[in-house]
Amino acid sequence: MNTRKKTYLFLITFVSAMGGLLFGYDWVVIGGAKIFYEPFFGIEGSAGLRGWAMSSALVGCLAGALMAGAWSDRYGRKKMLIIASALFTVSAFGTGITDDFTWFVIYRIIGGFGIGFASNISPIYIAEVSPASVRGRFVSLNQLTIVLGILAAQLANRLIGDYFMPEANVLSAEGVEWAWRWMFWAELVPAGLFFILSFIIPESPRWLAINKKEELARRTFARIGGDEYAASELAEIGKLHIVREKNDWKALLNPNVRRVLTIGIVLAVFQQWCGINVIFNYAHEIFSAAGYTVSDVLMNIVVTGITNVIFTFVAIFTVDRWGRKALMYAGSAGLAVIYVIMGTGYYLHVSGWPMLLLVVLAIACYAMSLAPVVWVVLAEIFPVRIRGAAMAVSTFFLWTACFILTYTFPVLNEYLEASGTFWVYGGICIAGFLFIRSRLPETKQKSLEEIEKELIK
């Protein structure tokens, strides 16, 4: 692949991965905005309304993930990316412009639909346009943009918050009126750019090929890898003898497909239940238990965010060399060991930098393995004719597992304390390691068609 073709591939995958950037930004921005919008809407005294404002986007995530999958199989990946970008744009503008709490929640749910669409379609699109030799690296770009979106939201929240709250911890009337609005409106820049560029990128050539649009598929494959590459890819797709199902969901009940879908669901759930996201969602509780003050906690969050980005780059440069299974081994085993040590540290009341170091190591381990590689595997293992629907089911279970993890941490922390909670997560990581060892195939350097023929027999 020459430099020009690599540049073209990078550009179209980057545009698709902007869905990940907006996914990360939209998911995190509300955390920084809450200090301003809660007094504006007068919901400080209602735990239920505060929780609903924070979690309402998840309703859209779950519904959007299910809808996007079957629709992308039927109408194309590109159309779903356009819809996702439009949803992010509407949500960002509407959330910031409204003065009514009900509409605030509605716009957050619309943003959740965008997250559900993007988290489903962006990895699929990238996997379907990328050659086997670099597919893992390019799909991992989606995870990189997610963590960059998270950092962008944290930075925007900090800068806007400082502008409207020059005196530390003192809320002004102007800040309550405008700060949270500008935090959401800042998303309009990447959302608008994503909306424009999503019209320019081509449709997935694999989707075109299975929908009898071979000439269009040939052109896109040729732009990516040349005429010989295009002929080879179309020949591989032709060998599958794909029959389009009238009911995408019914096709998932096929015994061979169900076996692969089980792998996807377990990996999606494991990515959440390995426990790392509680460090981001409950950083204050975790670091406070290790003896840190509030100001120290804020600095530690920055450290963990930077670690997340750095080690995502490690995954990008190793996933096609070391393989998916090797990185998943390292992630599950590494987290199990770290959690056992963390739990022991909490049990022995160890505090200070040793606990921070263990948290950073856990995030580094996750960022270079389970975080990006699960998305890579999910985008690879499903048959092309129902890839969107199967991905939708897996993503639905991922978001459900995310909700359960977030909901149960305070309960576990209360009854088992921090030590017992992290020992539980360590046990889950051991179970995940054993599942990966027994059920997960290695997909490194294989075309999507080769993977399908191996898994669907």
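Residues numbered from 1 in each chain as written. Predicted model: local features only at pLDDT ≥ 70, side-chain atom pairs only at ≥ 80, totals over all residues. Heavy atoms only, no water.

## Overview of the overall build of the chain
The helix and strand inventory of the chain stands at 20 helices and 0 strands. For 457 residues, the compact-globule estimate of 2.2 N^0.38 gives 23 Å, and the C-alpha radius of gyration of the chain, at 22 Å, lies within 12% of that figure. Once the C-alpha set of the chain is aligned to its principal axes, its extents read approximately 65 × 50 × 45 Å. When each of the 457 residues of the chain is scored for burial, the buried share is 56%. By element, 67% of the accessible surface of the chain is carried by carbon and sulfur atoms, the whole surface being about 18900 Å². Treating the 37 positive side-chain charges of the chain as one cloud and the 32 negative ones as another, the clouds have centres 12 Å apart. (Helix = DSSP H or I, 4+ residues; strand = E, 2+ residues; numbered from the N terminus. Rg over C-alpha atoms; globule rule 2.2 N^0.38 Å. Buried < 20%, exposed > 50% of the residue type's maximum accessible area, 1.4 Å probe, protein only. Areas by Shrake-Rupley, 256 points an atom, 1.4 Å probe, with all protein chains shown as cover. Lys, Arg positive; Asp, Glu negative; His and termini not counted. Charge placed at Lys NZ, Arg CZ, Asp CG, Glu CD.)

## Some points on the pattern of salt bridges
Tallied over the full model, the rule gives 15 salt bridges. Across the salt bridge formed by Glu128 and Arg387, the nearest N and O atoms sit 2.7 Å from each other. Placement of Glu128 in helix α4 (residues 101-129) and of Arg387 in helix α19 (residues 387-439) is noted, with a sequence separation of 259 residues between them. On the basis of relative accessible area, Glu128 is assigned to the buried category, the value being 0%. Glu236 is paired through a salt bridge with Lys453; the nearest N and O atoms lie 3.6 Å apart. Linking Glu236 in helix α10 (residues 227-238) with Lys453 in helix α20 (residues 448-455), this pair joins segments that are 217 residues apart in sequence. Classification of Glu236 as buried rests on a relative accessible area of 17%. Here the residues in one salt-bridge network are Asp73, Arg77, Glu128 and Arg387, joined through shared partners. (Salt bridge = Lys/Arg side-chain N within 4 Å of Asp/Glu carboxyl O.)

## Quick word on the packing of aromatic side chains
All told, the structure shown has 26 aromatic pairs when counted by the stated rule. Ring centres of Phe40 and Phe41 lie 5.0 Å apart, and the angle between their planes is 90°; this geometry places the pair in the edge-to-face category. Overall, Phe40 belongs to the partly exposed group, its relative accessible area being 22%. Its relative accessible area of 15% is what places Phe41 among the buried residues. Judged by centre distance (5.9 Å) and plane angle (80°), the rings of Phe104 and Phe184 are edge-to-face. (Phe/Tyr/Trp six-rings, centres within 6.5 Å; stacked < 30°, edge-to-face > 60°.)

## Considering the nonpolar core
Generally speaking, a soluble globular protein has its nonpolar side chains buried in company with each other. Leu267, Ile276, Leu335, Tyr339 and Trp399 are the most contacted members of the largest nonpolar core, which totals 117 residues. It is α19 that provides the largest number of residues to this core, a total of 16 residues. Setting aside its immediate chain neighbours within four residues, Tyr339 contacts Cys274, Gly275, Ile276, Ala362, Phe422, Trp423, Tyr425, Gly426 and Cys429. Ranked by size, the runner-up nonpolar core spans 23 residues in total, among them Ile43, Phe164, Met165 and Trp180. (Core = buried A, V, L, I, M, F, W, Y, C linked by side-chain atoms within 4.5 Å. Contact = heavy atoms within 4.5 Å.)

## Concerning the state of the cysteines
According to the stated counting rule, one finds 0 disulfides in the structure shown. Cys61 takes part in no disulfide bond, and the closest cysteine sulfur, belonging to Cys402, lies 8.3 Å away. Its relative accessible area of 0% is what places Cys61 among the buried residues. No disulfide involves Cys274; its nearest neighbouring cysteine sulfur is the one of Cys429, lying 5.3 Å away. Assessed through its relative accessible area of 0%, Cys274 is described here as buried. (Disulfide = S-S within 2.5 Å.)

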